[in-house]
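Examining the three-dimensional arrangement
Here's the letter readout for the chains.
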Amino acid sequence: SQCAWWIESSSFRKHRLLALGEHVSLVMAPPNASLIPGHHFYIVPLKHSPSLVHVMAEDDMSIWKEIQRFQTSLQNLYARQGKSVIMLETVLDHSKGLWQTKLEVIPVPFDTLQDAPMYFSSAMREQTEEWGTHTKLLKVSNNNKPLSSVIPKGFPYFFVEWGNMASSPSATGYAQIIESKSFRHDFGVDTVAGMLELDPIRLRRQQKYSHEEERQQIKDFLTLWDKVDWTKELDGKPVK
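Residues numbered from 1 in each chain as written. Predicted model: local features only at pLDDT ≥ 70, side-chain atom pairs only at ≥ 80, totals over all residues. Heavy atoms only, no water.

1. Points about the overall build of the protein chain
Our working definition: Under the scheme used here, helices are H or I runs from DSSP no shorter than 4 residues and strands are E runs no shorter than 2 residues, and both carry numbers assigned from the N terminus. The globule rule is 2.2 Å times the number of residues to the power 0.38, and the radius of gyration it is compared with is taken over C-alpha atoms. Only protein chains enter the calculation, and the probe is 1.4 Å; a residue is then buried if its accessible area is under 20% of its type maximum, exposed if over 50%, and partly exposed in between. What makes two residues a contact is simply this: any of their non-hydrogen atoms within 4.5 Å. For accessible areas, the Shrake-Rupley method is used with a probe of radius 1.4 Å. Any residue's cover is judged against the shown protein chains and nothing else.
Counting secondary structure elements, the protein chain contains 7 helices and 8 strands. Whereas a compact globule of 240 residues would reach a radius of gyration of roughly 18 Å, the protein chain reaches 17 Å, a difference of no more than 12%. C-alpha extents for the protein chain along the principal axes are approximately 50 × 40 × 40 Å. The buried share of the protein chain, taken over its 240 residues, is 52%. Across the protein chain, the fraction of contacts at a sequence separation of at least 24, relative to all contacts at a separation of at least 6, is 66%. In the structure as shown, the protein chain presents an accessible area of about 12,000 Å², 49% of it carried by carbon and sulfur atoms.

2. A closer look at the pattern of salt bridges
Operational definition: The rule for a salt bridge is simple: a side-chain nitrogen of Lys or Arg has to be within 4 Å of a carboxyl oxygen of Asp or Glu.
Going through the model one piece at a time under the given rule, you end up with 7 salt bridges. With its nearest N and O atoms 3.9 Å apart, the salt bridge here joins D190 to R202. Of the two residues, D190 is situated in helix 5 (residues 187-196) and R202 in helix 6 (residues 201-204); the sequence distance between them amounts to 12 residues. Classification of R202 by relative accessible area gives exposed; the value is 52%. A single network of salt bridges, built from pairs that share partners, joins R184, D190 and R202.

3. Focus: the packing of aromatic side chains
So the rule is basically this: Each aromatic pair joins two rings of Phe, Tyr and Trp (for Trp, the six-membered one) with centres within 6.5 Å, and gets the label stacked for planes under 30 degrees apart, edge-to-face for over 60, and tilted for any other angle. For a lysine, the NZ atom is tested; for an arginine, the CZ atom; a charge sits over a ring if that atom is within 6 Å of the ring centre and within 35 degrees of the ring normal.
For the structure shown, the criterion picks out 12 aromatic pairs. For the pair F158 and F187, a centre-to-centre distance of 5.1 Å together with 85 degrees between the ring planes defines the contact as edge-to-face. Within this pair, whereas F158 is found in strand 7 (residues 157-161), its partner F187 is found in helix 5, the two being separated by 29 residues in sequence. We classify F158 as buried; its relative accessible area is 0%. Positioned above the aromatic ring of W5 is the side chain of K102, whose terminal nitrogen or guanidinium carbon lies 3.8 Å from the ring centre. The cationic tip of K102 hangs over the ring face of Y42; the distance from NZ or CZ to the ring centre is 5.3 Å.

4. Focus on the packing of helix 4 (residues 116-130) against helix 5
Helix-helix packing is described using two parameters, namely the angle between the two axes and the distance between the axes. Stated precisely, the cut-off is as follows: Working convention: axes come from line fits to C-alpha atoms, limited for helices to the stretch in contact. Angles between N-to-C directions cover 0 to 180 degrees. Angles are sorted into four bins: roughly parallel if under 35 degrees, roughly antiparallel if over 145, roughly perpendicular if 65 to 115, and oblique for all others. By definition, any crossing whose near helix is turned counterclockwise from its far helix by less than a right angle is left-handed, and any crossing with a clockwise turn is right-handed. Following the grouping adopted for this structure description, the nonpolar residues are Ala, Val, Leu, Ile, Met, Phe, Trp, Tyr, Cys and Pro, the charged ones are Asp, Glu, Lys and Arg, and the polar ones are all others, Gly among them.
In the contact formed by helix 4 and helix 5, the axes pass within 10 Å of each other and the chain directions differ by 130 degrees. The angle between the axes of helix 4 and helix 5 places the two elements in the oblique class. Classified by chirality, the crossing of helix 5 by helix 4 is right-handed. On the side of helix 4, the interface is formed by A116, Y119, F120, A123, M124 and Q127, while helix 5 contributes F187, G188, T191, V192, G194 and M195. Considered class by class, the residues forming the contact of helix 4 with helix 5 number 8 nonpolar, 4 polar and no charged.

5. Side note on unusual backbone geometry
Look at E197: it is not a glycine, yet its phi comes out positive at around 60 degrees. Position of E197 relative to the elements: it lies in the loop between helix 5 and helix 6. What makes E197 exposed here is its relative accessible area of 72%.

6. What about the pairing of strand 3 (residues 41-45)?
In regular strands, side chains alternate between the two faces of the sheet. Quick note on the threshold: Note on pairing: two strands pair once DSSP finds at least 2 bridges between them.
Most of strand 3 sits inside the fold, with 5 of its 5 residues counted as buried. Of the two faces of strand 3, both are covered, the one formed by F41, I43 and P45 as well as the one formed by Y42 and V44. Relative to strand 3, strand 2 (residues 24-28) is paired through 5 bridges, and the arrangement is antiparallel. If you follow M28 over to strand 3, its bridge partner there is F41. The pairing of strand 3 with strand 5 (residues 103-109) spans 3 bridges and is antiparallel. Of the residues in strand 5, the one forming a bridge with Y42 is E104.

Take a look at the structure:
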């Protein structure tokens, strides 16, 4: 019930549902939990899944393929604006498998994306030093080193993916096992905020948005999404 981004939750707000596949949903993040209101998203499995590693370990390729289709559609949408997307997942130990995972998606300009490996490798190493842990920074690649091959099932972890780009031929993301119970659940979003020179997300939570403002943000996004919405194929409609 605490997972407000999961459609099975009693606290889920239906107006934030942007697109629905057979196994996965695309949800708009609340404005006061968004780095860029109207352009911050959650990709969420419909089936209870405590982590993406759990999805992969269960060999449920139907879920994983839909996650990738949502990723691709969002990448195509923002490529038209000279942007790409960074994707984040944080799985904390205190969830004990009762938490519904979500993959956060945040658009960033192409030139900023090139700095993602440097920003995240530095931030992830700093936080391990701060908490006195010895967790390695693990490289992840879509081609030959998927997330499930570097993180064991049932372990808490942080994962960031930035996709393929010229400056990072051998890795498309990083993963790290979380050893400290003090790991901040906003760590990934705040790292992106630093890249974009924006305020930390905790300061944005204090801002107030009207219901009308949020609905307009969703309406504006859906106008753009209509051109890349792969879920139309489920109804036999072509994607523009």
